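# Summary of the model geometry
What follows is each chain in one-letter form.
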Amino acid sequence: MKETICNHLPRNFPWANGIIYYESIDSTNTRAKELAQNGAPHGTVLIAGSQTGGRGRMGRQFHSPAGTGVYLSVILRPGCSPEKLMHLTCATAVAMCSAIHRISGITPGIKWTNDLVFQRKKLGGILTELSLDPQTSNIDYAIVGIGINCRQQETDFPAELQSMATSLALCTGRDMDCASVAAAMIEALWEMDQKLLTEKHAMMEEYKNACVTLGQAISVCRGDVVRHGTALDVDEDGALLVRYSNGDQEFVTSGEVSIRGMYGYV
Ligand code: BTN
């Protein structure tokens, strides 16, 4: 599989030697953290055929069966302060939209902050995790994990996900080759890494253009508290500006944001 992926990458691709393929693993993000703690270099890419403990945002599970999706993590060592990298999830989402467009022809949207969507259904998700160097408080390493549904038909998803999830095959009406999707994702991640600290503004403009949350009626859910409002803007660090029904405005950086009419929220 690694060889097939490499065959789809440009010749002398800088991260090619650092690609590691696992037939099955608990979570590529968890394994990437272990490797990073043991000194794995910037640009190490982990890909799995399936995950038994795929993780999503807010402690959720990411359904990761064999042969149907791409489950991938990359280790980055940008060597900067965490404040300079608040946009990492957004930058990754933009990069993945471009990879998906390149490989499939469809243009996905982004549901704030980390969901890739097409026609109001989830196509994939992103989980970024940072570890700081206790001495300098700079980033020791960042793990960027992405899962994209490639080949599923509707009944391949668990019943509770069928109305909310989609795949590249369902979106395009064509079968998709996971190896070429993985290669497009890796290449887009490398390109993102080249401009991560220098082209933040342009990346965030692209993010806002692709963000389907903006202008929508949403609810912000934190623990037991649910507030209703409208999503107005996304700032340069990826925070979502919300105007609540009582007129209050707030930059939201955490919690669950649901869009009315999407993923079963009415
Ligand atoms: C989400 O939907 O909240 C994020 C999902 C992220 C899933 C990917 S799959 C590869 C990597 N390994 C994991 O355990 N999670 C990420």
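Structure first, text after, so check above.
As a starting point, this report considers the structure included with it. Just so it is clear, the model here is predicted, and its values are computed rather than measured.

### With respect to the site of the ligand
Near the ligand you find 21 residues, and of these Ser27, Gln51, Arg55, Arg57 and Lys122 are the closest. One of the backbone nitrogen or oxygen atoms of Arg57 is found 2.7 Å away from an oxygen atom of the ligand. Protein contact buries 98% of the 420 Å² of open area that the ligand shows by itself. The set of elements that each furnish at least two residues to the shell around the ligand consists of helix H2 (28-37), strand E3 (69-76), strand E6 (121-132) and strand E7 (139-149). At 4 residues, the largest contribution of residues to the shell around the ligand is made by E6.

### Quick look at the pattern of salt bridges
Two side chains bearing opposite charge may form a pair once their charged atoms approach each other closely. What the rule picks out here adds up to 13 salt bridges. The closest approach of N and O atoms between Arg55 and Glu129, which form a salt bridge, is 3.0 Å. In this pair, Arg55 is assigned in the loop between strand E2 (44-51) and E3 and Glu129 in strand E6, connecting sequence segments 74 residues apart. Taking relative accessible area as the criterion, Glu129 reaches 15% and is therefore assigned buried. Here Glu191 ties to Arg102 by a salt bridge, and the two come within 2.9 Å at their closest N and O atoms. Taken together, the positions of Glu191 in helix H5 (residues 178-195) and Arg102 in helix H3 (residues 88-104) put the pair 89 residues apart, joining distant regions of the chain.

### Remarks on the sheet that holds strand E9 (residues 225-234)
With antiparallel pairing, 5 strands are arranged side by side in an open sheet as E11-E10-E9-E8-E12. Two strands bound the open sheet, and with one partner strand each, they are strand E11 (249-252) and strand E12 (256-259). Each strand of the sheet is rotated relative to its neighbour by a mean of 40 degrees, with strand direction disregarded. Sheet topology note: the strand E10 (residues 240-244)/E11 ladder contains 4 bridges and is antiparallel. Among the inter-strand pairings, Leu240 is bridged to a residue of E11, identified as Val252.

### Description of the nonpolar core
Of all hydrophobic cores here, the largest spans 68 residues; its most connected members are Ile186 and Tyr207. For this core, the leading source of residues is H5, giving 11 residues. Excluding its chain neighbours within four sequence positions, the residues that come into contact with Ile186 are Ile5, Leu9, Phe13, Trp15, Ile19, Val45, Ile47 and Leu72.

### Structural notes on the packing of aromatic side chains
Taken as a whole, this structure holds 3 aromatic pairs when the rule is applied. Relative to Trp190, the ring of Phe13 has its centre 6.2 Å away and its plane inclined at 65 degrees; by these criteria the two rings are edge-to-face. Taken together, the residues Phe13 in the loop between helix H1 (2-7) and strand E1 (19-25) and Trp190 in helix H5 connect sequence positions 177 residues apart. Residue Trp190 is classed as partly exposed on the basis of its relative accessible area, which comes to 25%. Taken together, a centroid distance of 6.5 Å and an interplanar angle of 75 degrees make the contact between Phe62 and Tyr71 edge-to-face. Taking NZ or CZ as reference, Arg227 lies 3.8 Å from the ring centre of Tyr244, over its face.

### Thoughts on the environment of Val257
You can see Val257 is positioned in strand E12. As for Val257 and Val220, which are separated by 37 residues in sequence, their C-alpha atoms are 4.6 Å apart. In this structure Val257 touches Lys111, Trp112, Thr213, Ile218, Ser219, Val220, Leu240 and Val252, once residues within four positions along its chain are discounted.

### Concerning the state of the cysteines
Counted under the stated rule, the structure contains 0 disulfides. Between Cys6, a cysteine without a disulfide, and Cys178, which holds the nearest cysteine sulfur, the sulfur-to-sulfur distance is 16 Å. Distance from the sulfur of Cys90, which forms no disulfide, to the nearest cysteine sulfur (Cys211) is 8.1 Å. What makes Cys90 buried here is its relative accessible area of 3%.

What counts as what
- Position numbers for residues count from 1 along each chain, tracking the sequence in the order it is written.
- Local features in this predicted model are restricted to residues whose pLDDT is 70 or higher, and side-chain atom pairs enter the listing and the counts only when it is 80 or higher, whereas totals over whole chains, interfaces and linings include all residues.
- Calculation of side-chain values draws on the structure's entire complement of heavy atoms; hydrogens and water are dropped beforehand.
- For this description, a residue counts as near a given molecule or strand if any of its non-hydrogen atoms is within 4 Å of it.
- Polar contact criterion, stated in full: a pair of N or O atoms within 3.5 Å, where within protein one must be able to donate a hydrogen and the other to accept it, and residues adjacent in sequence count only if both atoms are side-chain atoms.
- What sets the accessible areas is the Shrake-Rupley method with a 1.4 Å probe; for residues, cover comes only from the shown protein chains.
- The numbering of helices and of strands both runs from the N terminus, where a helix is a DSSP run of H or I of at least 4 residues and a strand a run of E of at least 2.
- Note on definitions: salt bridges are taken to be side-chain nitrogens of Lys or Arg within 4 Å of carboxyl oxygens of Asp or Glu.
- When a residue's accessible area, from a 1.4 Å probe over protein chains only, is under 20% of the maximum for its type it is buried; when over 50% it is exposed; and in between it is partly exposed.
- Two strands are counted as paired when DSSP detects at least two bridges linking them.
- Only the stretch in contact is used when fitting a helix axis, every axis being a line fitted to C-alpha atoms; angles between N-to-C directions are given from 0 to 180 degrees.
- We define a nonpolar core as any set of buried Ala, Val, Leu, Ile, Met, Phe, Trp, Tyr and Cys residues linked to one another through side-chain atoms lying within 4.5 Å.
- Only heavy atoms enter the contact rule, under which two residues are in contact if any of them lie within 4.5 Å.
- Two aromatic rings from Phe, Tyr or Trp, using only the six-membered ring of Trp, form a pair when their centres are within 6.5 Å; if the ring planes differ by under 30 degrees the pair is stacked, by over 60 it is edge-to-face, and anything between is tilted.
- Each ring is checked for a lysine NZ or an arginine CZ that lies within 6 Å of its centre and within 35 degrees of its normal; such an atom marks a charge sitting over the ring.
- Count a disulfide wherever a pair of cysteine sulfur atoms falls within 2.5 Å.

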